[in-house]
Amino acid sequence: MGSEISDKKAQSLRALSGAEFEGRVAYVLNQFLNREDIYAVSLKELKRLIKTNQKLVEILEYAKLPIRNPCEQKYEMVLPDTDVIVYYKRKDHSGNVEKNFQLATVSCKVSFHGRETESTFWAHALRDHGAKFVFATEDKFNELKTCENGNKARRLLESYMDSVYLMSRYGGSEDKLLEDINRFHYAFENSKSVGYQRQNTRIFDVERKDSAYCKQVRPFDDLLFDLMRWKFERTK
């Protein structure tokens, strides 16, 4: 009984921590991307926005995946592991929104505890979806290791995610987060002249003793550049 209570308490704490991290990811993205008509929202926030903007229903519906129901001999539309949805607005020459397009899904995990398999399942299932499926993590317990000394979690994420992004463990350090947002403005503005190519910055992540970047595992900074580049690839 004691073990069961401990497990339930640990799951609740992870859920609270995960929701905080998910909100932080969306907050940082929106600080830079809203001015470019790109928006990052949680599923809960998207459903709230739909109440006053029915055009956003198309984002929610497009995010779903048809799953077979053999008993009923039909397909059901289900939402994947959707922590943060990133979408952009296509506007006409008068500035009116013509249509909203999903750009990416960001699966957010503070740590893994074997849960990387859920995210990689959905990434694989949505490989032909048309929107990117990426993973953001604090890697709280240094589970990802390095390319040379990788483990199951790293190999799965490298294989099935479009990219994996590491973010600092800000916790309650909101002043530090705001400081880093201000520091990143210069790099983001500089990237405009080169088509938002990555700037080799590491502002939203810290140096890690036991984990290392590679082609697929990147600092969180790169997600901002990548989303801008993906939008331009879609709209040019």
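Each chain has its residues counted from 1, following the order in which its sequence is written. Restriction of local features to residues with pLDDT of at least 70 applies here, the model being predicted, together with a cutoff of 80 or more for giving and counting side-chain atom pairs; totals for whole chains, interfaces and linings are based on all residues. Where side-chain values are given, they derive from all heavy atoms of the structure, hydrogens and water being excluded.

**Regarding the pairing of strand β4 (residues 84-91)**
Two strands pair when backbone bridges link them, and strand β1 (residues 38-42) and β4 are joined in this way by 5 bridges, in the antiparallel orientation. In the strand pairing of β4, Y39 is matched with Y87. Pairing geometry for β4 and strand β5 (residues 97-109), over 8 bridges, is antiparallel. Within β5, the residue paired with V86 across the bridge is A104. Paired strands, as defined in this entry, are two strands with at least two bridges between them according to DSSP. A run of DSSP states H or I qualifies as a helix once it reaches four residues; a run of E qualifies as a strand once it reaches two. Both are numbered from the N-terminal end. Connecting β4 to the next strand, β5, in antiparallel fashion are 5 residues, including G95 with a positive phi near 90°.

**Structural notes on the pattern of salt bridges**
Put simply, a salt bridge is a Lys or Arg side-chain nitrogen that is within 4 Å of an Asp or Glu carboxyl oxygen. Counted by the stated rule, this structure contains 22 salt bridges. A salt bridge links R218 to D222; its shortest N-O distance comes to 2.9 Å. Exposure is judged per residue with a 1.4 Å probe applied to protein chains only, and the accessible area is read against the type maximum: over 50% gives exposed, under 20% gives buried, and values in between give partly exposed. Classification of R218 as buried rests on a relative accessible area of 17%. Taking relative accessible area as the criterion, D222 reaches 1% and is therefore assigned buried.

**Things to note about the environment of R229**
Note that R229 resides in helix α7 (residues 221-235). Residues R229 and K192, spaced 37 residues apart in sequence, show a C-alpha to C-alpha distance of 9.9 Å. Residues count as neighbours in contact if any of their non-hydrogen atoms are within 4.5 Å of one another. Apart from residues lying up to four places away in sequence, R229 is in contact with G195, Y196 and Q197.

**Considerations on the packing of helix α6 (residues 174-191) against α7**
Relative to each other, α6 and α7 sit at 30°, their axes nearing to 11 Å. In terms of axis orientation, α6 runs roughly parallel to α7. α7 is crossed by α6, and the crossing has right-handed handedness. From α6, F184, A187, F188 and S191 reach across to α7, where they touch D221, L224, F225 and M228. As a working rule, the residues Ala, Val, Leu, Ile, Met, Phe, Trp, Tyr, Cys and Pro are called nonpolar, Asp, Glu, Lys and Arg charged, and the rest polar, with Gly in that last group. Looking at the contact of α6 with α7 residue by residue, the classes come out as 6 nonpolar, 1 polar and 1 charged. The axes used here are C-alpha line fits, helices contributing only the stretch in contact, and every angle between their N-to-C directions lies in the interval 0 to 180 degrees. Each angle gets one of four labels, with under 35 degrees taken as roughly parallel, over 145 as roughly antiparallel, 65 to 115 as roughly perpendicular, and the rest as oblique. Crossing handedness follows the turn of the near helix against the far one: under a right angle anticlockwise gives a left-handed crossing, and clockwise gives a right-handed one.

**Some words on the sheet that holds β4**
With mixed pairing, the 6 strands of this open sheet are ordered in space as β1-β4-β5-β6-β7-β8. Every other strand in the sheet has two partners, leaving β1 and β8 (217-219) as the edge strands with one partner each. Taking each pair of neighbouring strands and ignoring which way they run, the sheet shows an average axis angle of 30°. Where helix α2 (residues 43-50) meets the sheet, its contacts fall on β1 and β4, and the angle it forms with β1 comes to roughly 110°.

**Let's talk about the pairing of strand β3 (residues 74-78)**
The pairing of strand β2 (residues 65-69) with β3 spans 5 bridges and is antiparallel. Pairing of R68 across the sheet is with Y75, part of β3. What sits between β2 and β3 in their antiparallel hairpin is a turn of 4 residues, with Q73 showing a positive phi close to 55°.

**Regarding the confidence of the model for the protein**
Reading fine detail from the predicted coordinates is not recommended where pLDDT is low. Averaged over the protein, the pLDDT score is 87; the fraction of residues at 70 or greater is 92%. Considering only residues more than four positions removed or in separate chains, one finds that residues 1-6, a stretch of pLDDT under 50, has 0 contacts. Values of pLDDT, which run from 0 to 100, indicate the predictor's confidence residue by residue.

**A short note on the nonpolar core**
Here, nonpolar core refers to any group of buried Ala, Val, Leu, Ile, Met, Phe, Trp, Tyr and Cys residues whose side-chain atoms link them within 4.5 Å. Judged by nonpolar contacts, the single largest core of 37 residues is most densely connected at L29, V86, F204 and F220. The set of elements that each furnish at least two residues to this core consists of α1 (2-33), β1, β4, β5, β6 (132-137), α6 and α7. Ranked by the residues each element gives to this core, the list is headed by α1, at 7 residues. The contacts of F220, once residues within four sequence positions are left out, are V25, V28, L29, A136, Y165, L166, M167 and F204. Core analysis: the next-biggest nonpolar cluster, separate from the first, contains 14 residues, F112, A123, L157 and L166 among them.

**Remarks on the packing of aromatic side chains**
Classification of ring pairs uses Phe, Tyr and Trp, with its six-membered ring standing for Trp, and accepts pairs whose centres are within 6.5 Å; under 30 degrees between planes counts as stacked, over 60 as edge-to-face, and the remaining range as tilted. Summed over the entire model, instances satisfying the criterion amount to 12 aromatic pairs. Between the aromatic rings of F32 and F184, the centroid separation amounts to 5.0 Å while the plane-to-plane angle is 85°, which identifies the pairing as edge-to-face. One end of the pair, F32, is in helix α1; the other, F184, is in helix α6, and 152 residues separate them in sequence. Among the residues examined, F32 registers a relative accessible area of 0% and is labelled buried. Look at F188 and F225: their rings are 6.5 Å apart centre to centre, the planes differ by 20°, and that puts the pair in the stacked class. Taken as a pair, F188 in helix α6 and F225 in helix α7 lie far apart in primary sequence, 37 residues in all. Summarising the burial analysis for this pair, F188 and F225 share the class buried. Among the aromatic side chains, those forming a connected cluster through ring pairs are F32, F184, F188, Y196, F204, F220, F225 and F232. Whether a charge sits over a ring depends on NZ of Lys or CZ of Arg being within 6 Å of the ring centre and within 35 degrees of the ring normal. Lying across the ring of F101, K99 places its NZ or CZ 5.9 Å from the centre.

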